[in-house]
Amino acid sequence: MEGLLMCAPTTDSPALRVTSLFLSIDGEVNARGQGTPSFFIRLAGCNLRCWQRFGGCDTVYSFGPGTRMSVEELLARVDAAGCPKVTLTGGEPLLQKGAALAALLRGLRERGVFVSMETNGSIAPDFEGRECVGSLVYDYKCPSTGCTAAMQPFAALFRSLGSSDYMKFVLRDPADYAFARERVLEARELRDGRPCPVLAFSPMLPTAADGLPPDALVAQLLADRLFEVQVNIQMHKYVWPDAKTEV
Ligand code: SF4
C-alpha cells in the first residue's frame, strides 16, 4: 500500500479536481472482486453530507476543492503505478462528469485498465465515457445518512445498470436494513430477464451501539430469504481499522 500522495498543481486542460491518488486494495464490491489491488483516483467535492447527526462521514477530507490535474498527468500516474485496475471515487466523482472525465475513462480503456467507479446514487448513469466503466457501484443512501431524498428513483436506477454493476446499501442500523429490504423486494418486481445489477448489503463498521453488527445482519438477511443479496464487509476497514485518511 502506498500512502496519501498529494498532487502537483497543473494548469493543463482538460483537467479534473483531485483529492488524492494512492495504490491499495479495493475493499468494496466490484466486478473484479473485493480485495483486488487497485490504483485509486479520489476526485474532489461532494454534493451530499451523509450522517451529519452522527458526526459526518469518513471522507470529509474530499469535500474541498482538491488540486487540478490534467488527464495526461493522471494517466501518467496510472502508468507509473502499473496496476491493471483503477477505482474512481470521491467525494462524488460524477460531479465532474464531462469531457475531462470522459477523456480519462477512454485513456484507461485504451490501456486495458479495468475501472470501477463508486458513486453516491444522486446522479444518473448517463455520463460521457460510461461505456469505459467496467463496474459502476452505486452507494444507495439509507435513512441514517439523512440523504435518501437526494437519491435517484430506485426503479430507474436499477433498470439502467448492468450485471457488472452494483447497488450497495451501507447499513448503520435496523431502520436502514428495513429500507434496503424494501428495495430488494422492489427489485424483484423489476426483474424481467434483462441484465440487472448485483444488490449488496454492507454493515457499517465500526458498529454503533444501536447499530447492526455483521452477524446480526447476516442472520436477518437469511431469515428474510434475501438470497439475491451479497454481503459486503468493507475490507479496507478490517485491514486498517484506525485509518483516518487514506488506506
Ligand atoms: S456521498 Fe460519500 S463522500 Fe459524500 S458525504 Fe456521503 S459518504 Fe461522504
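What counts, and at which threshold
Residues numbered from 1 in each chain as written. Predicted model: local features only at pLDDT ≥ 70, side-chain atom pairs only at ≥ 80, totals over all residues. Heavy atoms only, no water. Helix = DSSP H or I, 4+ residues; strand = E, 2+ residues; numbered from the N terminus. Near = heavy atom within 4 Å. Nonpolar A, V, L, I, M, F, W, Y, C, P; charged D, E, K, R; others polar. Phe/Tyr/Trp six-rings, centres within 6.5 Å; stacked < 30°, edge-to-face > 60°. Lys NZ or Arg CZ within 6 Å of the ring centre and 35° of its normal. Buried < 20%, exposed > 50% of the residue type's maximum accessible area, 1.4 Å probe, protein only. Contact = heavy atoms within 4.5 Å. Polar contact = N/O pair within 3.5 Å; in protein donor to acceptor, adjacent residues only side chain to side chain. Patch = residues over 30% accessible without salt bridge, like charges linked within 9 Å, V, L, I, M, F, W, Y side chains within 5 Å. Areas by Shrake-Rupley, 256 points an atom, 1.4 Å probe, with all protein chains shown as cover. Salt bridge = Lys/Arg side-chain N within 4 Å of Asp/Glu carboxyl O. Expected span 1.5 Å × (residues − 1). Pairing = 2+ DSSP bridges.

*Asks:* Break down unusual backbone geometry for me, citing the residues and quoting the values.
*Replies:* Cis peptide bonds are those with omega within 30 degrees of zero, and the linkage from Gly-90 to Gly-91 qualifies with 10°. Mapped onto the elements of the fold, Gly-91 is located in the loop between strand S4 (85–89) and helix H2 (99–110). Here the amide bond leading from Leu-205 into Pro-206 is cis, since omega sits at -5°, within 30 degrees of zero. Among the structural elements, Pro-206 can be located in the loop between strand S8 (198–203) and helix H5 (214–223). Even without glycine at this site, Trp-51 takes up a positive phi of about 55°. Mapped onto the secondary structure, Trp-51 falls in the loop between strand S2 (36–43) and strand S3 (67–70).

*Asks:* Before we move on, can you summarise the site of the ligand with the specific residues and values?
*Replies:* Every residue lining the ligand is accounted for by Cys-46, Leu-48, Arg-49, Cys-50, Cys-57, Phe-63, Gly-91, Asn-120 and Lys-141. Per-class residue counts for the shell around the ligand are five nonpolar, two polar and two charged.

*Asks:* Outline the packing of aromatic side chains, supporting the account with residue identities and numerical values.
*Replies:* A full pass over the atoms with the stated rule returns eight aromatic pairs. Aromatic pair Tyr-140 and Phe-179: ring centres 6.4 Å apart, planes at 15°, arrangement stacked. Here Tyr-140 is found in the loop between strand S6 (135–139) and helix H3 (154–160), whereas its partner Phe-179 is found in helix H4 (residues 174–190), with 39 residues between them in sequence. An aromatic cluster is built from Tyr-140, Phe-154, Phe-158, Phe-169, Tyr-177, Phe-179 and Phe-201, whose rings are joined through pairwise contacts. The lysine or arginine in question, Arg-49, covers the ring of Phe-63, its NZ or CZ lying 3.7 Å from the ring centre. Positioned above the aromatic ring of Phe-179 is the side chain of Arg-183, whose terminal nitrogen or guanidinium carbon lies 4.8 Å from the ring centre.

*Asks:* Quick rundown of the environment of Tyr-166? Include the residues and the values.
*Replies:* Along the chain, the position of Tyr-166 falls in strand S7 (residues 166–171). Judged by relative accessible area, Tyr-166 falls into the buried class, the value being 8%. As for Tyr-166 and Phe-114, which are separated by 52 residues in sequence, their C-alpha atoms are 15 Å apart. When sequence neighbours within four positions are dropped, the list of residues in contact with Tyr-166 reads Val-29, Asn-30, Ala-31, Ser-135, Leu-136, Val-137, Tyr-138, Leu-161, Pro-197, Val-198 and Gln-230. Polar side-chain contacts of Tyr-166 include one of 3.4 Å to the backbone oxygen of Asn-30.

*Asks:* Tell me about a nonpolar patch on the surface, residues and numbers included.
*Replies:* A cluster of nonpolar side chains, Val-218, Leu-222 and Phe-227, forms an exposed patch at the surface whose accessible area comes to about 290 Å². Residue position: Val-218 is located in helix H5. When its relative accessible area of 33% is taken as the criterion, Val-218 is described as partly exposed.

*Asks:* Describe H4, naming the residues involved and giving the relevant values.
*Replies:* Here H4 is 17 residues long and its end C-alpha atoms lie 25 Å apart, about the 24 Å a rise of 1.5 Å per residue gives. Taken together, the buried residues of H4 touch H3, S7, S8, H5 and strand S9 (229–231).

*Asks:* Go over the pairing of strand S1 (residues 15–26) with me, naming the residues and quoting the values.
*Replies:* A large share of S1 lies buried, amounting to nine of its 12 residues. In this structure, S1 lies alongside S3, joined through four bridges in antiparallel fashion. Note that in S3 the partner of Arg-17 across the bridge is Arg-68. Sheet analysis places S1 next to S2, joined by eight bridges and oriented antiparallel. Residue pairing in the sheet places Ile-25 in a bridge with Pro-37 of S2.

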